[in-house]
Amino acid sequence: MQKEFSRIGKRIGQSGKKVVIVTLGAILIVSTAAELLPGSWQPYRTGAVQAASNALQLKSQSIITSGAKRFDYIFTTKRGNATVKTDVHVIEVDLSNPNVALNAMSGKNNSIGQKNNILNMVKENKAVAGINGDVYVMANEGAPLGTQITSGALMSSPARQKGMFAIAVTKDRKPVIDTYSFAGKVTAENGKTFNITGMNQSSYFPEIEGVIYSHVDQMYIYTSAWGGKERPNNSATKPTEVLVIDGVIDNITYEVPMPGEIPKNGYILRTSGAAAKFVRENLKIGQPIASEYSLKSETTGKLVDPSSFEMMVGGHTLLVDQGKASAFSRDVSGVSGYSYTSRSAAGYSKDGTKVYLITSERKGSNTGLSLKELQQVMVDLGVYKGINLDGGGSTTMIERPLGNFDIQTAHPVQDGSMRSVSNGIGVFTLAPAGKLGGIIISGDTMMLKGQSATFSLKGYDSFYNPVDMSKVETQWTTDKTGDKAIGTFKNNVFTASRIGQTELTVSSGGVKKSIKVDVVGSEQIKSLKASGSAVLTVGYSFTPSFTATLKNGKSVKISPSAVDWEFVGFKADVNDGKITIQSIDKDTKIGYAIARYDGYGTMIPVVKSESSIMFEDFETSRYAITSQVAPAATTKGSVKLVSDLPDQKSGRALQISYDFSEGSGTKASYAVFGTQGGVGMTGTPSAMSIDVYSDNSNNWMRAEVVDANNKIHYVDIAKAMNWTGWKNVRVNLPTADMKYPVKLKRIYVVALDDGSTNKAISGTVAIDNIKLLTTSAVAEPKRSLVEMNVGNKTAKVDGKSIKLEAEPLLQQGTTYVPLRFVTEAMGSELVYEAKSRRITVLRGKQMMEMHIGKKEYTLDGVRYESGVAPFTRNNRTLIPIRLFSEKLGYKVSYDPTDKKITIQ
């Protein structure tokens, strides 16, 4: 922060003292003249807060900026018979490092009497970290009850309270904790004087015998730093006020507040009672007046010039002195001292080089601390002297994480939202811009084959301040090349082509950072779902999409190119994820398109028919269709119903115009359907058929579909509109991810900011005849009554005797039956893959897969664990009948008398 100084070199009244007008932004302070010299700078000494007790365990640490680190601890203690834990957070500031500084922050735009939350204070002051500071009267403007000094300027004086301590840093960068009082007076032209009780204070109850109201019979000075609406409210007095500009009385109002704001080169003396009487008898407009004040140390009794401090923030009770828990310097019941809550505190090390800003949590499993426990924490941290700050719902810590330009809360706040408070302590970087010192990579470290992952980069310089990586030239490499490479890079996007592990490294000059990436196989998959529908017709094309849920709970999309296809009942061609049916096997009633990722399978049933209903032909206006563009500042667009497009067969179509010629970034022109978040689509459509009039612009056309959970699904109508005129487009909906019923919200043209030069920046397209397509329900295969006996090769299917290739057997309480017989008897199709010993059973819309000798199985793409496994005997495969049949919807019963198995 910059300080501007000007001196008034004339004597005022009879004080004979030179005064200094110190301006800090919009703040005017009047004080006794003093030299403001920079302190001596010491090189940064690396150090870390050390816990001296098993009760306090270090969890993590990080660097905020050169000279400031964050440490996170768990404090564990016993309360009665219960063991409780609380997270404790510490910002350690090294005052021997010339690149970091502490300063006081307050209110809105650094005003006194306008409360603000700490996040906003840190932003407004361009700090890199901060915590909340002083206690205050919540019902009033919120001026701090203690002293505040910002950049050497006194912002508020201490209230007349007992045992209230403050933490400060002197101009020569030494931490100080002490308790202070205020000493000030004004001297009129006639030589008469009157004491000034305080500066920029809200009303409060002084802890002085016989005194109830802080402002009754008193004189206070208010500067342009005061942001409250009154001076102050709830004061129980009518003010007589004196406006002083450049040391001369400019105006006086009697028993009414002075109108207007306090000028930067002036101040107001606010008086009542005895003080107002002094004004009437001794002060006149146009006369010079002298105001002087200082702080007084209550421990030494000496006067202290406020300008000898760089910063000061008041607090509450003393907690630690000479490295030990101290007696409380005042009653702590008013701050819930013996209750368990969030806490804030500040202190410094024995050698005076480190200041510790401390918060503890009461949120979730964190139980908070009492003040006694906070004392123990501070002693364990190595605090030599420390005080309590405002706690409870006010407790807030803000930080700028390493490599980030933005600040954030360092931990959850007690009440869920940040409380506006009187002031705070900010951490500031003074370092110049340095060279790139380190890189932070973020992105998916677990991905699937065919998946692309974008890795974002953050950088920090040699002083641990953020670097804009978009302006830094970087290069990506992997630890595997040639045939061993498991993927390729384009810019910061890595596309995995093989399953395996690799280490990705980004470098710039001599700075490098690596991240390990695991391209996972089938063993990490918990479920695999396919979205899409198909009709069993030669020439029919469809493009499914896939979602895998991993065992760690993460859901990822699988590229169609990453799966292997197997078709049962028909033959098809696969091209870039698009499946086109080439021929259909004789007697096929239902086909199966089986997709496998690294052997893990899911299935799409391919049925013989599909129904369609008209959703919108635009012939009749039933709801509003409006235009929307993004970004609104640069993009132009419109929608309208037209009837004059070339080769248009219907009466009306919906035209979407766009103009992306101005500005930069991704842009879109929307047709918005309805006014209630979309127009409802009948039934459970699996696809849409849309007539699209393209302008051969190569732009992207998309739709937004909103499901019953209010989740938006983005659907591609055409990745590139690379044709001219009308074309019917089929659009598959992500049925596996949607909760019906669904609504069509928007259809739009979008242009990505991808550097492409072959896309039109303006034009018109149109849509017509939107139909909803629903595939016919998968027919339930015929159900048969199957009867078998353990140890007998003769079975009955619907009463007809059939010879088995192997007899059922009972083994360790589980009945096993011959695989081929039971699948055929139940109207299922069987596919066996000898290499992996995989059994695939297809029945209607269900697919079950098992592996011989393995207890795991999948049903409709979801992995399960069974207590038994299929096995082979005499070259025949036997399966656990109850597991197999009941999972496919059959009821199995067993009669132990004649060892009869019945499936029905």
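Data block above holds the structure.
All of the points below concern the structure found in this document. (Residues numbered from 1 in each chain as written. Predicted model: local features only at pLDDT ≥ 70, side-chain atom pairs only at ≥ 80, totals over all residues. Heavy atoms only, no water.)

**A short note on the sheet that holds strand 75 (residues 900-903)**
Strand pairing in a sheet relies on backbone hydrogen bonds. The paired strands run either parallel or antiparallel.
Phase 1: Taken together, the five strands give an open sheet; going across it, the order is 64-63-62-75-74, and neighbouring strands pair in antiparallel fashion. Sheet topology places strand 64 (800-803) and strand 74 (892-895) at the edges, where each strand pairs with a single neighbour. Geometrically, the sheet is characterised by an average inter-axis angle of 20 degrees between neighbouring strands, direction not taken into account.
Phase 2: Two elements, strand 62 (residues 786-789) and strand 75, share four bridges in a ladder whose sense is antiparallel. Following the sheet pairing, Met788 is matched in strand 75 by Ile901. (Pairing = 2+ DSSP bridges. Helix = DSSP H or I, 4+ residues; strand = E, 2+ residues; numbered from the N terminus. Axes fitted to C-alpha atoms, helices over the stretch in contact; angles between N-to-C directions.)

**Structural notes on the side chain of Glu704**
Phase 1: Looking at the element boundaries, Glu704 is found in strand 57 (residues 700-706).
Phase 2: Once residues lying within four places of it in the same chain are set aside, the contact partners of Glu704 are Tyr670, Ile712, His713, Tyr714, Lys743, Leu744, Lys745, Arg746 and Tyr748. (Contact = heavy atoms within 4.5 Å.)

**As for the environment of Tyr816**
Phase 1: Within the secondary structure, Tyr816 sits in strand 66 (residues 814-818).
Phase 2: Not counting chain neighbours up to four residues away, the residues in contact with Tyr816 comprise Pro808, Leu809, Gln811, Val868, Ala869, Phe871, Leu878, Ile879 and Pro880.

**Observations concerning the pattern of salt bridges**
Phase 1: What the rule picks out here adds up to 21 salt bridges.
Phase 2: In this structure, Lys554 and Asp444 form a salt bridge, with 2.7 Å as the shortest nitrogen-oxygen distance. One end of the pair, Lys554, is in the loop between strand 43 (545-550) and strand 44 (555-558); the other, Asp444, is in the loop between strand 30 (436-442) and strand 31 (446-448), and 110 residues separate them in sequence.
Phase 3: Among the residues examined, Lys554 registers a relative accessible area of 27% and is labelled partly exposed. (Salt bridge = Lys/Arg side-chain N within 4 Å of Asp/Glu carboxyl O. Buried < 20%, exposed > 50% of the residue type's maximum accessible area, 1.4 Å probe, protein only.)

**What to know about the nonpolar core**
Phase 1: Core analysis: the biggest nonpolar cluster contains 45 residues, and Ile441, Leu448, Phe455, Phe546, Ile558 and Tyr597 have the highest contact counts within it.
Phase 2: Of the residues forming this core, the biggest block, five residues, is contributed by strand 39 (residues 511-520).
Phase 3: If we ignore the near neighbours within four places in the chain, the residues touching Ile558 are Leu448, Leu528, Phe546, Ala548, Val563 and Tyr597.
Phase 4: In terms of nonpolar packing, the next biggest core, distinct from the first, is built from 36 residues, Phe618, Tyr658, Phe673 and Val705 among them. (Core = buried A, V, L, I, M, F, W, Y, C linked by side-chain atoms within 4.5 Å.)

**Thoughts on the sheet that holds strand 36 (residues 487-490)**
Phase 1: One open sheet accounts for three strands, arranged 32-37-36; its pairing is antiparallel. Looking at strand neighbours, the two that pair on one side only are strand 32 (452-454) and strand 36, the edges of this open sheet. Direction aside, neighbouring strands of the sheet carry axes that sit 20 degrees apart on average.

**Examining helix 2 (residues 274-282)**
Phase 1: Among the residues of helix 2, those classed as buried are Ala275, Ala276, Phe278, Val279 and Asn282. Across the axial projection of helix 2, the buried residues extend over an arc of 155 degrees, all falling on one side.
Phase 2: Elements that come into contact with the buried residues of helix 2 comprise strand 12 (175-187), strand 13 (193-196), strand 15 (219-223), strand 16 (240-245), strand 17 (248-253) and strand 18 (266-271). (Arc of directions from axis to C-beta.)

**Notes on the packing of aromatic side chains**
Given two aromatic rings, one states the distance between the centres and the angle between the planes to describe the pair.
Phase 1: According to the stated counting rule, one finds 20 aromatic pairs in the structure shown.
Phase 2: Here the aromatic rings of Phe455 and Phe489 are separated by 6.5 Å at their centres, their planes lie at 55 degrees, and the arrangement is tilted. Taken together, the residues span a long stretch of sequence, with Phe455 in the loop between strand 32 and strand 33 (456-461) and Phe489 in strand 36 at a distance of 34 residues.
Phase 3: Arranged with centres 5.9 Å apart and planes meeting at 20 degrees, the rings of Tyr460 and Tyr464 form a pair that is stacked. (Phe/Tyr/Trp six-rings, centres within 6.5 Å; stacked < 30°, edge-to-face > 60°.)

**A short note on unusual backbone geometry**
Phase 1: Of note, the bond from Arg231 into Pro232 is cis; its omega dihedral lies within 30 degrees of zero at -20 degrees.
Phase 2: By the element assignment, Pro232 lies in the loop between strand 15 and strand 16.
Phase 3: Going from Tyr740 to Pro741, the amide bond is cis rather than trans, its omega being 0 degrees.
Phase 4: By the secondary structure assignment, Pro741 is in the loop between strand 59 (724-732) and strand 60 (742-751).
Phase 5: Unusually for a residue other than glycine, Arg173 sits at a positive phi of about 65 degrees.

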